[in-house]
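# Summary of structural features
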Amino acid sequence: MAREGSQNAPMYKSVHLCASPRASIAAKCDRGFTLIELMVTVAVLAILSALALPNMARFVANARASAIVNEYMAAINLARSEAVRLGTRVTICAASAVGTCAAGGNNWQPGFIVFTDAGVAGAVDGTDVVIKERNAQGGMFSVMGSGGYRRISYVANGQLES
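Residues numbered from 1 in each chain as written. Predicted model: local features only at pLDDT ≥ 70, side-chain atom pairs only at ≥ 80, totals over all residues. Heavy atoms only, no water.

## So, the overall build of the protein chain
The criterion, for reference: The numbering of helices and of strands both runs from the N terminus, where a helix is a DSSP run of H or I of at least 4 residues and a strand a run of E of at least 2. Between buried and exposed lies partly exposed: a residue is buried under 20% and exposed over 50% of the maximum accessible area for its type, with that area taken using a 1.4 Å probe on protein chains only. The contact criterion used is simple: two residues touch if any of their non-hydrogen atoms lie within 4.5 Å. Surface exposure here means Shrake-Rupley accessible area, sampled with a 1.4 Å probe, where a residue is shielded only by the protein chains that are shown.
A count of helices and strands for the protein chain gives one helix and five strands. Listing every helix and strand of the protein chain by position from the N terminus yields α-β-β-β-β-β. By the burial criterion, 21% of the 162 residues in the protein chain qualify as buried. Pairs at least 24 apart in sequence give 56% of the contacts found in the protein chain among residues at least 6 apart. Looking at the protein chain as shown, the accessible area adds up to about 11600 Å², and 62% of this sits on carbon and sulfur atoms.

## Topic: helix α1 (residues 35-86)
Selection rule: Multiplying one less than the number of residues by 1.5 Å gives the expected span of a helix. Here the bend at a residue means the angle between the axes of two seven-residue stretches, the one that ends at it and the one that starts at it.
In a regular helix each residue adds 1.5 Å, so 52 residues correspond to 76 Å; α1 covers 71 Å between its end C-alpha atoms and thus fits that length. At A52, α1 shows its maximal bend, which comes to roughly 30°, and the proline P54 appears one to four places after that position. If you check which residues of α1 are buried, you get A61, I68, Y72, A75, I76, A79, E82 and A83. Looking at the packing, one finds that the buried side of α1 touches β1 (90-97), β3 (112-116), β4 (130-134) and β5 (151-154). A positive phi of about 70° marks G87, the residue just after α1.

## Concerning the state of the cysteines
Here is the rule we go by: Disulfide: a pair of cysteine sulfur atoms within 2.5 Å of each other.
Inspection of the entire model under this criterion finds one disulfide. Covalently, C93 is tied to C101 through a disulfide, its sulfur atoms 1.9 Å apart. Of note, the bridge from C93 to C101 carries an S-S torsion of about -75° and is left-handed in sense.

## Here's the deal with the packing of aromatic side chains
What counts, and what does not: Between 30 and 60 degrees the pair is tilted, below 30 it is stacked and above 60 it is edge-to-face, where a pair is any two Phe, Tyr or Trp rings, Trp via its six-membered ring, whose centres lie within 6.5 Å.
Going through the model one piece at a time under the given rule, you end up with two aromatic pairs. Measuring from ring centre to ring centre gives 6.2 Å for Y72 and W108, while their planes differ by 75°; the resulting arrangement is edge-to-face. Pair noted here: Y72 is in helix α1 and W108 is in the loop between β2 (100-101) and β3, with a separation of 36 residues, a long-range link. We classify Y72 as buried; its relative accessible area is 9%. These aromatic residues form a ring-pair network of at least three members: Y72, W108 and F112.

Laid out in structure tokens, this is it:
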């Protein structure tokens, strides 16, 4: 059914209440949010944050622990590959201070040193070359070796030195 006077005119016309001359002052067309809508949104965000933050803290702690473990594993693999590549004994030891291996115990918290161990076994001396050194681990993690091991040495063929 077309209207009289126009052949292709649409049957219904879209009406915008804001543009209507009959719109009252009370029904003005603001396009913002009401205070109640904002309060509900903030409340929903607060609830979601309260649920997500404990899990996020746990995720960050697990990521830090994994990073520390991966760093030590990479250093052990580096020691082995360098022993094969250089054809000499390479040692990774628990550090007691910068450039010094720990004399005893199994505390790897102060860091580690990877070095060629051509001189005195298990000690960085004048004939050794430091390949990598990691200083103290910060934070809430403790790095301890099992069985009181304070060093790991690989010989030229890549096997552990016994």
